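Tertiary structure, described
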Amino acid sequence: MTRTTPFASKLPSVGTTIFTVMSKLAADTGAINLSQGYPDFDCDPDLVEAVARHMREGRNQYAPMQGVPALRQAIAAKYDELYGAQYDPETEVTVTSGGTEAIFNAVAMAIQPGDEAIVFEPVYDSYVPAVELNGGRAVVVPLRAPAYAIPWDEVRAAITPRTRVIMLNSPHNPTATVLSSADLAELSRLVAGTDILIVSDEVYEHIIFDGARHESMARHPELRARSVVIGSFGKTYHVTGWKVGYAVAPVELTTEFRKVHQFTTFATNTPTQYALAEFLTARKGYPELSAFYQRKRDLFLRLIEGSRFRPLPSRGTYFQLLDYSAITDEGDMEFALRITREHGVASIPTSAFLYKQSAPKVLRFCFAKKDDTLERAAERLRRL
Ligand code: GLN
């Protein structure tokens, strides 16, 4: 007998997230896991020591709802230093339980039933459910392989009087593309005179390659005024499991953001906030992160040379797309499952991020791994 809920599903076509599916399959089959994006190496031991110290010193009760003041001050100082943007730590910076919570809050605060949010596909898997759970409709604008550039004319055509939000992500997961200052100029022209909110997921802000500059919405005065900019300490300090992120936005936006945050998670865990505040204040970690991951990207690319996979450009994030059309005609889900089971390397099929387009023959691989892990994985991929 099939058991049904006594209510209609709010997400009828959603299953379990692809990250959980592929990581579980990797664990069950003993495959090398290049699917879900997380480092397989440890964070700085001093960071763990700092968390332990704050725990020992008794910082184990609720943090302020907005976040620990020292961390909010350090975040504000970073935006001033890197992007020339002034955010008031008291009223414009909020610490969240990961980037995902911040994305959800920013959507929830703005979307009323029937409102539209423009998203770009491949779209990170939490965006559309966040819109739909709040009664909104996601208007999907395709980014097309292999360049995955934003087709600004199509964005213009997609804007209606119901457009409340445009969701952006740079560096972009899963395509590893980055927005340019010309993209920001286009965006700024397009939203001028509207009251569209920009939700800007910049969790890979410190992982950008080949000398490019991260074009944060915070850099651009007109865009900054209408943006919730979201960051993540998990990516920056190799601690994705701690689930600490943040959102910065002008006071009137942050006021609404906090109304949602205080009832989704209320506050984020206390001792990690104190430890992260120390690291951020000391400018530890993030200044050298791009070079660290660029070396990993280049190693991975060198290692798969001579395979039948063809790399697409990776300009940021810790992901590398590989085109496998020279190997098989299989669909990307089928191929990803098969190479996990038969060849022992797990990846992410990009179809998990597509609503409108049929999937190109491309898989996403995470290179935030020990060199040895990348070597072992590439050796297997070269046999395909
Ligand atoms: N952001 C990570 C990725 O793209 C996954 C995070 C998650 O599993 N929710 O792989």
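Owing to the predicted nature of the structure, the values given are computational and were not obtained by experimental measurement.

**Focus on the sheet that holds strand S9 (residues 310–311)**
Taken together, the 4 strands give an open sheet; going across it, the order is S9-S10-S13-S12, and neighbouring strands pair in antiparallel fashion. A strand with exactly one partner marks an edge of an open sheet, and here the two such strands are S9 and strand S12 (348–349). Packed on one face of the sheet, helix H12 (residues 289–304) meets S9, strand S10 (319–323) and strand S13 (362–366) and runs near 20 degrees to S10.

**What about the sheet that holds strand S8 (residues 245–248)?**
A sheet is described by the order of its strands in space; here 7 strands give the open sequence S2-S8-S7-S6-S5-S3-S4, paired in mixed fashion. Of all strands in the sheet, those with a lone pairing partner are strand S2 (93–96) and strand S4 (137–142), marking the two edges. Neighbouring strand axes in the sheet, compared pairwise and without regard to direction, differ in orientation by 20 degrees on average. Relative to S8, S2 is paired through 4 bridges, and the arrangement is antiparallel. Residue pairing for S8: Val 95 is matched across the bridge by Tyr 246. With respect to the sheet, helix H3 (residues 69–83) is in contact with S2, strand S7 (227–232) and S8, its orientation differing from that of S2 by roughly 120 degrees.

**Brief notes about the site of the ligand**
Within the structure, the ligand sits among Phe 19, Gln 36, Gly 37, Tyr 124, Asn 173, Tyr 204, Phe 319 and Arg 364. In this structure, a nitrogen atom belonging to the ligand sits 3.1 Å away from a side-chain N or O atom of Tyr 124. Taken by itself the ligand offers 300 Å² of open surface, and the protein chains cover 80% of this. Residues belonging to the shell around the ligand are distributed by class as follows: 4 nonpolar, 3 polar and 1 charged.

**Section: the packing of H12 against helix H14 (residues 371–382)**
At a minimum axis distance of 9 Å, the contact between H12 and H14 shows a crossing angle of 25 degrees. Comparing the axis directions of H12 and H14 gives the class roughly parallel. The handedness of the crossing between H12 and H14 comes out as right-handed. Contacts between H12 and H14 involve Arg 295, Lys 296, Leu 299, Phe 300, Leu 303 and Ile 304 from the first element and Asp 371, Leu 374, Glu 375, Ala 378, Leu 381 and Arg 382 from the second.

**A word on the pattern of salt bridges**
A full pass over the atoms with the stated rule returns 25 salt bridges. With a closest N to O distance of 3.0 Å, Asp 115 and Arg 162 form a salt bridge. Of the two residues, Asp 115 is situated in the loop between helix H4 (99–110) and strand S3 (116–121) and Arg 162 in the loop between helix H6 (152–158) and strand S5 (163–169); the sequence distance between them amounts to 47 residues. Arg 162 sits in the partly exposed class, given a relative accessible area of 39%.

**Notes on the environment of Ser 232**
With respect to the element layout, Ser 232 can be found in strand S7. The exposure class of Ser 232 is buried, given its relative accessible area of 5%. In the structure, Ser 232 is positioned 135 residues away from Phe 367 in sequence and 18 Å away in space, judged by C-alpha atoms. The residues contacting Ser 232, other than those within four sequence positions of it, are Val 203, Val 244, Gly 245 and Tyr 246. For Ser 232, the side chain forms a polar contact with the main-chain nitrogen of Gly 234, separated by 3.2 Å. Among the polar contacts listed, one links the side chain of Ser 232 to the backbone nitrogen of Lys 235, at a separation of 3.4 Å.

Calculation notes
- Residues numbered from 1 in each chain as written.
- Predicted model: local features only at pLDDT ≥ 70, side-chain atom pairs only at ≥ 80, totals over all residues.
- Heavy atoms only, no water.
- Pairing = 2+ DSSP bridges.
- Helix = DSSP H or I, 4+ residues; strand = E, 2+ residues; numbered from the N terminus.
- Contact = heavy atoms within 4.5 Å.
- Axes fitted to C-alpha atoms, helices over the stretch in contact; angles between N-to-C directions.
- Near = heavy atom within 4 Å.
- Polar contact = N/O pair within 3.5 Å; in protein donor to acceptor, adjacent residues only side chain to side chain.
- Areas by Shrake-Rupley, 256 points an atom, 1.4 Å probe, with all protein chains shown as cover.
- Nonpolar A, V, L, I, M, F, W, Y, C, P; charged D, E, K, R; others polar.
- Parallel < 35°, antiparallel > 145°, perpendicular 65-115°, else oblique.
- Left-handed = near helix turned anticlockwise from the far one by under 90°.
- Salt bridge = Lys/Arg side-chain N within 4 Å of Asp/Glu carboxyl O.
- Buried < 20%, exposed > 50% of the residue type's maximum accessible area, 1.4 Å probe, protein only.

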